[in-house]
Amino acid sequence: MIRYECDRCGHPLGANDTGRFIVKMEVYAAAGPVDITPADSQRDHTDEIEALVRQLERANPDEIEDQVYRCLRFDLCADCHRDLLRNPLGRKE
Ligand SMILES: [Zn+2]
């Protein structure tokens, strides 16, 4: 039997426990539209691309992913579920 526990408080939860809630979160960069002009398509971007590749080779992959997209999943007990819905962003009350 698969056992779960609340990812917030550690309370034990069963796989079919009616007091078990699943939270999925997607966090991603809110990038605006890309404005490409005809002059941009004519210009040589080789140096910029090579500089970007060098920068990425030195970067931490987790930090790069954090800046672009993260998908998170948590199991919560009923109490933590109620707290989450009451204050989803953890604002100071
Ligand atoms: Zn909990």
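Everything below is about the structure shown above.
**Some details on the nonpolar core**
And step 1. Counting residues in hydrophobic clusters, the biggest one holds six residues: Cys6, Leu13, Val23, Leu76, Cys77 and Cys80.
And step 2. The residues touching Leu76, leaving out its near neighbours within four places in the chain, are Cys6, Arg8, Leu13, Gly19, Arg20, Phe21, Val23, His81 and Leu84.

**Notes on the side chain of Arg20**
And step 1. Residue placement: Arg20 occurs in the loop between β2 (12–14) and β3 (21–28).
And step 2. Here Asp75 takes part through its side chain, which lies 3.1 Å from a polar atom of the side chain of Arg20.
And step 3. Discounting residues that sit within four places of it in the chain, Arg20 has contacts with Tyr4, Leu13, Gly14, Ala15, Arg73, Asp75 and Leu76.

**A look at the pattern of salt bridges**
And step 1. Throughout the structure, instances matching the rule amount to nine salt bridges.
And step 2. Among the ionic pairs, Arg8 bridges to Asp83, the shortest N-O distance being 3.0 Å. Of this pair, Arg8 sits in the loop between β1 (3–5) and β2 while Asp83 sits in helix α4 (residues 78–86), and the two are 75 residues apart along the sequence.
And step 3. With a shortest N-O distance of 3.4 Å, Arg73 and Asp75 are connected by a salt bridge.
And step 4. By relative accessible area, which is 41% here, Arg73 ends up partly exposed.
And step 5. Classification of Asp75 by relative accessible area gives buried; the value is 6%.
And step 6. Taken together, the shared-partner salt bridges connect Asp62, Glu65, Asp66 and Arg70 into one network.

Thresholds, definitions, all that
Every chain is numbered independently, its residues counted from 1 as its sequence is written. This being a predicted model, a pLDDT of at least 70 is required before a residue's local features are given, and a value of 80 or more before pairs of side-chain atoms are given or counted; all residues contribute to the totals for chains, interfaces and linings. Excluding hydrogens and water, the side-chain figures rest on all heavy atoms present in the structure. For this analysis, a nonpolar core means a set of buried residues of the types Ala, Val, Leu, Ile, Met, Phe, Trp, Tyr and Cys, connected via side-chain atoms within 4.5 Å. Type-normalised accessible area, obtained with a 1.4 Å probe on protein chains alone, sets the label of each residue: buried when under 20%, exposed when over 50%, and partly exposed for intermediate values. For this analysis, residues touch if any pair of their heavy atoms sits within 4.5 Å. Secondary structure is summarised from DSSP: a helix means a run of H or I of at least four residues, a strand means a run of E of at least two, and numbering begins at the N terminus for each. Two N or O atoms count as a polar contact when they lie within 3.5 Å, although within protein this holds only if one can serve as hydrogen donor and the other as acceptor, and sequence-adjacent residues are included solely when both atoms are side-chain atoms. Only one rule defines a salt bridge in this text: a Lys or Arg side-chain nitrogen within 4 Å of an Asp or Glu carboxyl oxygen.

Treat this as a map of the structure, not an account of what it does.
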